[in-house]
Structure formats: C-alpha cells, structure tokens
Amino acid sequence: MAASDRMVLGPLVGSIDQGTSSTRFLVFNAKTAELLSHHQVEIQQKFPKEGWVEQDPKEILKSVHECVETTCEKLRQLNIDITNIKAIGVSNQRETTVVWDKTTGEPLYNAIVWLDLRTQSTVERLLKRIPGENKAFFKFRTGLPLSTYFSAVKLRWLLDNVKEIRQAVDDGRAMFGTIDSWLIWSLTGGKNGGVHCTDVTNASRTMLFNIHSLEWDPELCQFFDIPMEILPKVRSSSEIYGLMVSFLSLSQKSGALTGVPISGCLGDQSAALVGQMCFQDGQAKNTYGTGCFLLCNTGQKSVFSEHGLLTTIAYKLGRDKPVCYALEGSVAIAGAVVRWLRDNLGIVKTSQEVEKLAAEVGTSYGCYFVPAFSGLYAPYWEPSARGIICGLTQFTNKNHIAFAALEAVCFQTREILDAINKDCGIPLNQLQVDGGMTNNKVLMQLQADILCIPVVKPSMPETTALGAAMAAGAAEGVGIWSLNPGDLTAVTCERFEPQINPEESEFRYARWKKAVMKSMGWETSEAPSNGKSE
C-alpha cells in the first residue's frame, strides 16, 4: 500500500503506561483525544519470600518494546500512518526501585515493587534515629511518613544487602531510578548516551526530594545514607527529555519511532489526575488499579493532612510552569485482591468472574474482608496489620467472599474520602473514577452506595495514559496538544447514583471499621520468618 493511501488524522501522541500488573502502549489523536489503538502485556510479579514483591526490569523494558511494536502494527492495519506520532509520554507505577549498571545497561537486582515489605526492619532501625521515633518527622519536607512504601528505604535495603550494588556505587557505575527513569534512560540510548532523569511527581515519592525547593535534599540523602551522584536529574512533567532510539526488532519497522521525542513523564496517579482534567483546586479522582489512589488537587499550595493522607506533587506541566500539589489517600490492595482470589485461592479463573459471583448474591451476608496483605496504608499507616476475613458462618460461600472483596475496595475508598473531606473542609459532591476495575459495574454501584454520592466514570477509562499523552503533546518544542481549559475535549461519562439508604450504608461501614481494628497488630518483625520456632 502506498504511503499516500494512509489515513491522515493530524498529529498523534503515544503513551507508555507501565503499571504494577501490566504494561500498555496507547496512541491518541492529539486534536480529539480519541484513543486509536493500544496493546497490553501482563507483567510477572515475583514473591521470593513472604512480603517480598519483585519484578524483572528487563522484562518490563521488553514488555514496553512489545507493546510499542504491536500497537504500531495495529495502526498500520488500520491504515494509520505511524510517522504522525510526534511525541511519547511515560506514566509509571511509582516508588518501585531499580538500580542498574550504566556501563553495561544491566539491572543489578530485580526491581523492588512499591508493595514490598522487606524493608520493615530498615524502617524500624531508621525510626530509632528520629527524635521521639516520629514517623511524620520529615512530613513537612517530603509530604510523606517514614514507611516501607517509598523508594529511599528500598534503596537503603539494596545498598545494605546486595554487594554488587555496593561495588557498583564504589566504582561510580551505579544508577538509581524509579521505573520512569529506567525506561527513559533505556529508550533514549541506555549505555550509549541514555538520559538519566525523572520528573517532579516521581521524585516526590522517593522521600529524598524536597517538595518545596523541588530538589534532592542533601540532609535527607545523608539521613538515609544515599550517595547523591546515583540519583537522576529532576525535570518538569512536560518537556523534551530525549529522543527515542531504534529498538524495533524487524529492520523495516525499526525506523518507526526513532527520533520521536519523549516529552511527558508523570507518576501514574498524577497522570490520571491530568487525564481526568482535574486542574482546579478541589477537583479529585480515584484510580482503581492494583491499589487504589484518591488524589485531590490543592493548587499551588501544599496542604498537610491531619488525617493520614500524603502531600504529593500533582504535576508541573513545563519548565517555567508552576508546580501544583495534591493530597493523596493510598490504599495498597484494590485490584490485587481480585488477582489474589484468582491466583491464590483459585475461586475464579478470570478477574471478570468476581463481578458475576458477587452479582449472584448481592450481599456479603455479614462477611467482611480486610485485604491488609501489605499492612494498612492510608489513613492508618499500620505496617503490623495483615489480611483477615471475618463474620464467617456455615452459610458463607465463595460468592459472599467475592462480594466482600469488592466491598473492601469501596470501604477503603470511603475511609480516604472521609479524610480528604476533613482536611479540605469542603465535602466532594461526586467522585470521578478511572482504572481497570471501573469496568466492574457491581463495584461502581457499590462504591456509590457506600459513599452516598454519585460515582462518575469517563467512557474512555484509560485516563492515566491520556494524562501522560497530554503532558507529552503539550511540551515546549512539541506543542500539538493544548491544555487551555477551553480547548479540552468534553468527556462523556457514565453515572452511578446511590441506591441504598444512608443508614444501611453507615451500618455496614461501622462493621468494616470494627474488622479493620481486628486486622491490626498482627505481625511483628521479631517473629521467625518461616513461622517455626528457631
């Protein structure tokens, strides 16, 4: 087919969306924000020991290559000219920590995933060095409590436990980064001149970054004993970082995206905030992925929570643009509970079956499921908690457990929403939602019932990828996507209205809180790791 026969759609933007459970590459029309094509690959999670969660950085990179190649092939089949892809954005699972050798381009250890709990003893050791063992000691500098969740303690563990990494640091060969840094460095040339950078949103999740000065903080690096020379350069979320180098396997395809600028970078939750167009102070969204993340834009002022929320950087959409902040409620286990029902218990073969099982009973019949597999995140920050299922009777069956699992996601969101309403003083009158789990209509209706406010879902649920594409297309030197409020496309949405009375909702929520209390104080780091007495 002659190139002249190809469909002309104007400029396109590609988006790499690298999440905890899968990688996607999506291509959008920069003028209409329409999703033209995409491809997705599931990522393997490794659990080498109890509480440990790892991924292979090379598998992640390979999955990006595969998604880009396949999406480009799909576009060709749709008769769309891929030379119209003018920019690429990156959105990524945050906090997940990679250290690699800049001379070989090889990772020096598996990526330690944000959910991983191996650093609990590292956290306890560090706490002893803080006056009053105050977890919130660095909150006003970083927006974060000292927790296993953030990158600094993962990096500290790697330096303490992996001699190859210590050696590489001593030799000046080591590079640290979150997933965005690993991907951008690899895609812009790797060991042959790859760009070692991150953006402000990802940097704000490391616990090494001052969210006011927007720089790596020497005192924090000293406290965690992290050598500053291994850290990436921090850039805005929307600027040209570097150009894609050729990686496609077949020679006739290899020219496809070579030379296309990578010009957008946002941690996945910030990307979803942008993709949901929450640019106004007080606008909020909740993303249902592996975990669940509710972010509320607080504008150009950083608001510090009294109710267990994080203060994080929402975005900085250009070198000379102001930084905007958000309050964030983070829940570790949302979609992961469905994956657990599928992979660990085997009560379903596909994630979609959970909705069907739950719909068949329409109630948990008094059964409550607290999926504290990685302790409890917001608003409790209780690492000693573990998962429990309670309220079981002889009548309880797998349908009730499936329903309780979905209800757990909704109750956890309610806890965060309550905290955001208290911190902001203005209750949200509806909740904008996105993420893979929002395809589950039972879950969305349950969420509206438990919150007692409408839940609003955009018809195009890929808002995380859209946010990264918007940042990339709007970057200086690209300029094909306008972020002016008047130019943003109106989004069609599906609404779920509450259908139960508030009294019933409050009763179920109170029972959930009781179950949460029973999940706490379960684990101590002193216990023998194999469960047997030594």
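In the block above lies the structure referred to throughout.
Because the structure is predicted, anything quoted here is derived from the model rather than measured. (Residues numbered from 1 in each chain as written. Predicted model: local features only at pLDDT ≥ 70, side-chain atom pairs only at ≥ 80, totals over all residues. Heavy atoms only, no water.)

Draft legend 1. Layout of the packing of aromatic side chains. Under the definition given, this model contains 27 aromatic pairs. Note on Y149 and F150: the rings are 4.6 Å apart at their centroids and 35° apart in plane angle, and the pair reads as tilted. The same class applies to Y149 and to F150, which are both buried. Aromatic pair Y377 and W381: ring centres 5.3 Å apart, planes at 20°, arrangement stacked. (Phe/Tyr/Trp six-rings, centres within 6.5 Å; stacked < 30°, edge-to-face > 60°. Buried < 20%, exposed > 50% of the residue type's maximum accessible area, 1.4 Å probe, protein only.)

Draft legend 2. Region of the structure containing the packing of helix α10 (residues 335-345) against helix α12 (residues 398-424). Following both chains from N to C, one finds α10 and α12 inclined at 160°, their axes separated by 9 Å at the closest point. Classified by the angle their axes make, α10 and α12 are roughly antiparallel. For the element pair α10 and α12, the recorded crossing hand is right-handed. In contact with V337, V338 and L341 of α10, α12 contributes I401, A402, A405, L406 and V409. For the contact of α10 with α12, the class distribution of residues is eight nonpolar, no polar and no charged. (Axes fitted to C-alpha atoms, helices over the stretch in contact; angles between N-to-C directions. Helix = DSSP H or I, 4+ residues; strand = E, 2+ residues; numbered from the N terminus. Parallel < 35°, antiparallel > 145°, perpendicular 65-115°, else oblique. Left-handed = near helix turned anticlockwise from the far one by under 90°. Contact = heavy atoms within 4.5 Å. Nonpolar A, V, L, I, M, F, W, Y, C, P; charged D, E, K, R; others polar.)

Draft legend 3. Looking closely at the pairing of strand β21 (residues 431-434). Here β21 shows two buried faces, one formed by L431 and V433 and the other by Q432 and D434. Across two bridges, β21 lies against strand β22 (residues 455-458) in parallel orientation. Looking at β22, one finds that Q432 is bridged to V456. After leaving β21, the chain enters helix α13 (residues 441-451) and then returns to the sheet as β22, a path that is right-handed. (Pairing = 2+ DSSP bridges. Right-handed = clockwise from strand over helix to strand, strands pointing away.)

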